[in-house]
Structures are given as C-alpha cells and as structure tokens.
Amino acid sequence: MDTILALKALIMGIVEGLTEFLPISSTGHLILANSLLQFTGPSFSKEKADVFEIVIQAGAILAVCWEYRVRIATVLSGMFTDRKAQRLVINLIIAFLPAAILGFLFSRRIKEVLFNPVSVAIAFIVGGLIILWVERRNKDRMSMASARVETVDDMTPLDALKVGIAQAFALIPGTSRSGATIIGGMMFGLSRKAATEFSFFLAIPTLFAATIYSLYKERALLSAADVPLFTVGTVAAFVSAFLCVRWLLRYISSHDFTIFAWYRIVFGIIVLVTAYTGVVAWVE
C-alpha cells in the first residue's frame, strides 16, 4: 500500500468522521479535501475515489450504532411486539424514502453538475444563512421551550415525511445531510434533542444503503488490493465520528447551531475568494 496514499486516506477518513454528524456537510468537506490533497491520480482513479468517499461513511455510521447500541437493540427486539419500537421503525422507513428515490433517479446528474468546490462553497453559504434564520426564528418564538415534539418517540409519520423531504435536499453537495434533517426537524416542531437523535437514527439506513449500493454498482472497479486503503479510511471515520457524536450530544444540551452557521459562511467565502483569485487551484 502506497504510504502517501494511505496518509491521504487517513485524513479523508478523519474529515468524514468529524463532519458527518455536524451541520457542515461531510460530502462538501470531502470534495474540498480531495481537491486539496489531490487524492485522485494514476494509482487511484476519480471513480474509485468516489466509491471510497461513500464507503467510509460506514465507519461513521458504525460509531452511531455503537453509541446507541442499547436503544437499537431494544428497537430491534421489540419490532414485532412494542408499539413504540414499531413507530420508530415506520418513521425511519418513511423518512428514508424521499432521498432514496430522488438519489436513485438523479444522483449521477447531480454529481456531474454540482460535485465541484465552487458549488459546494455556495451551498455552504446558503445553508449557513438558513441555519441563522432558523435559530433566530426559534429564539423569537421561544420554540425550544414549547417544542411540539420533545422526543423521537413522539414523532408522527407526517413529521417523519417532512424530515425525509428535508434530507433529500442534502443530495446537493455542501448542504449537509445532518444539517438538513436537524434544522428541518426544528422548523417542523421537533425539539433540538429530538431532531438531532432522529437525524442520527436516520443516518443508519440512509448511509448504509448508499454504501451497499455504491459497492455493488462499482464492484468492477474494486479489487482485493483496495481493501487496506478502504480499511484505513473507514477506521479513521469510525474513531473521529465516535468522538464527534459524544461531543455533539453534550454540546446541544446548552448551545444552538449558530457557530456552525458562521463556520459555513466564512469557509464558503474563503473557498470562493481563493478560487476566484487563483490562490488555491481547486480541482473540479
């Protein structure tokens, strides 16, 4: 295994894990990191790198599965007997469908048109402004003190559908899957804690499905020689995501998402300015 390529895979894995569950877009950061690191090249094609970026998401999802292992085990064991568990499973299926259907129909076209640093930067800025608006709206209405849905167990199928539609916007790179589901959930009446936890749970079927579909679809591209590199990225994503999830759950107990909004806006502006001035040769 090429040492330099392995180091780049390690960095990509860390970026994936740290950004997957924060409202700052893991896909957007991976596109930018890929561009800066020049991750693709003669020994690692762009097509293979695209698969790598999707597969290492499994590491981040395994971190959530481990963090919520007790709750997940309870839901699985009660799927056929416990109404609360059944309600959560049904809501996850409903929320999963919009992004799955639209992704299946339009993912290739989206990649062709929007998977580039400038588009990501614009999505960063727009997403940051939306987060600022939602947080200001919540403060004005004091909605956190009177959220309609306090926990994920209180969600209705209609709530799940709304969050699922919000997640579909994350097909646009730079939007952020977690940001769309958390902020969207808060807009629709979920408490910050309920929106964040449902976003975590929804990530499990969404990203595992994307990983399995990508591996199957691009299986001809891959070989046994790629396993070590994919393992490095996946393990790095698991460790960094586990630490990030633990931190985020503590953070949201006493903070809002304003800091992430400003991060998105500033970072997006930096990318646009450096791209326009030529300071950074962002690779399309």
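Predicted model only: the values in this text are computed from it and were never measured.

**Observations concerning the overall build of the protein chain**
So, step 1. Counting its regular elements, the protein chain contains twelve helices and zero strands.
So, step 2. In terms of overall dimensions, the protein chain has a C-alpha envelope of 55 × 45 × 35 Å along the principal axes.
So, step 3. A total of 284 residues make up the protein chain; the buried ones form 49% of that total.
So, step 4. The long-range share in the protein chain, meaning contacts at least 24 apart out of those at least 6 apart in sequence, stands at 82%.
So, step 5. Approximately 13,900 Å² of the protein chain is accessible, and the part contributed by carbon and sulfur atoms is 70%.
So, step 6. For the protein chain, the distance from the average position of its 25 positive side-chain charges to the average position of its 20 negative side-chain charges is 4 Å.

**Topic: a nonpolar patch on the surface**
So, step 1. On the surface, I93, L97, I101, L102, F104, L105, F106 and Y213 cluster together into a nonpolar patch covering about 790 Å² of accessible area.
So, step 2. It is helix α6 (residues 83-114) that provides the largest number of residues to the nonpolar patch, a total of seven residues.
So, step 3. Take F104: its relative accessible area is 58%, and that puts it in the exposed class.

**Observations regarding the environment of F260**
So, step 1. Inspection of the secondary structure puts F260 in helix α12 (residues 258-277).
So, step 2. It is 22 Å that separates the C-alpha atoms of F260 and A275, two residues lying 15 residues apart in sequence.
So, step 3. Those residues in contact with F260 that sit more than four places away from it in its chain are L22, P23, I24, W247 and Y251.

**Remarks on the pattern of salt bridges**
So, step 1. Counted under the stated rule, the structure contains nine salt bridges.
So, step 2. The residue R177 makes a salt bridge to E20 at a minimum N-O spacing of 3.8 Å. Here E20 lies in the loop between α1 (3-19) and α2 (26-37) and R177 lies in helix α9 (residues 177-187), a separation of 157 residues in the sequence. Residue R177 shares its accessibility class with E20, and that shared class is buried.
So, step 3. Its salt-bridge partner being K46, residue D50 comes within 3.4 Å of it at the nearest N-O pair. With D50 and K46 both in helix α3 (residues 46-55) and four residues apart, this pair spans about one turn of that helix.
So, step 4. Assessed through its relative accessible area of 48%, K46 is described here as partly exposed.

**Details of the side chain of Q57**
So, step 1. By the secondary structure assignment, Q57 is in helix α4 (residues 57-67).
So, step 2. Leaving out residues up to four positions away in the same chain, Q57 has contacts with E16, E20, L207, A210 and T211.

**Concerning the UniProt feature "transmembrane region" (unreviewed entry) in the protein chain**
So, step 1. The positions that UniProt labels "transmembrane region" (unreviewed entry) are, in the present scheme, residues 88-107, 113-134, 198-216, 228-249 and 261-283.
So, step 2. What you have in residues 88-107 is 100% helix and 0% strand, and the ends, taken at the C-alpha atoms, are 27 Å apart.
So, step 3. The span residues 228-249 is 100% helix and 0% strand, and its two end C-alpha atoms sit 32 Å from each other.

**Some points on α4**
So, step 1. Buried residues dominate α4, accounting for eight of its eleven residues.
So, step 2. Residues of α4 that are buried include every one of Q57, A58, G59, A60, I61, A63, V64 and C65, and no others.
So, step 3. Tucked inside the fold, the buried residues of α4 contact α1, α3, α5 (69-77), α10 (192-217) and α11 (227-251).

**What about the packing of aromatic side chains?**
So, step 1. Within the structure shown, the criterion is met by 15 aromatic pairs.
So, step 2. Their ring planes at 85° and their centres at 6.3 Å tell us that W247 and F260 sit as a pair that is edge-to-face. Pair noted here: W247 is in helix α11 and F260 is in helix α12, with a separation of 13 residues, a long-range link.
So, step 3. The exposure class of W247 is partly exposed, given its relative accessible area of 35%.
So, step 4. We classify F260 as buried; its relative accessible area is 7%.
So, step 5. Here the aromatic residues F21, Y68, F200 and F201 are joined through ring pairs into a cluster of three or more.
So, step 6. A cation over a ring is seen here: R69 above W66, with NZ or CZ 4.0 Å from the ring centre.
So, step 7. The cationic tip of R219 hangs over the ring face of Y216; the distance from NZ or CZ to the ring centre is 4.2 Å.

Conventions adopted
Residues numbered from 1 in each chain as written. Predicted model: local features only at pLDDT ≥ 70, side-chain atom pairs only at ≥ 80, totals over all residues. Heavy atoms only, no water. Helix = DSSP H or I, 4+ residues; strand = E, 2+ residues; numbered from the N terminus. Buried < 20%, exposed > 50% of the residue type's maximum accessible area, 1.4 Å probe, protein only. Contact = heavy atoms within 4.5 Å. Areas by Shrake-Rupley, 256 points an atom, 1.4 Å probe, with all protein chains shown as cover. Lys, Arg positive; Asp, Glu negative; His and termini not counted. Charge placed at Lys NZ, Arg CZ, Asp CG, Glu CD. Patch = residues over 30% accessible without salt bridge, like charges linked within 9 Å, V, L, I, M, F, W, Y side chains within 5 Å. Salt bridge = Lys/Arg side-chain N within 4 Å of Asp/Glu carboxyl O. UniProt positions renumbered as here; feature names shortened; annotations may be inferred. Phe/Tyr/Trp six-rings, centres within 6.5 Å; stacked < 30°, edge-to-face > 60°. Lys NZ or Arg CZ within 6 Å of the ring centre and 35° of its normal.

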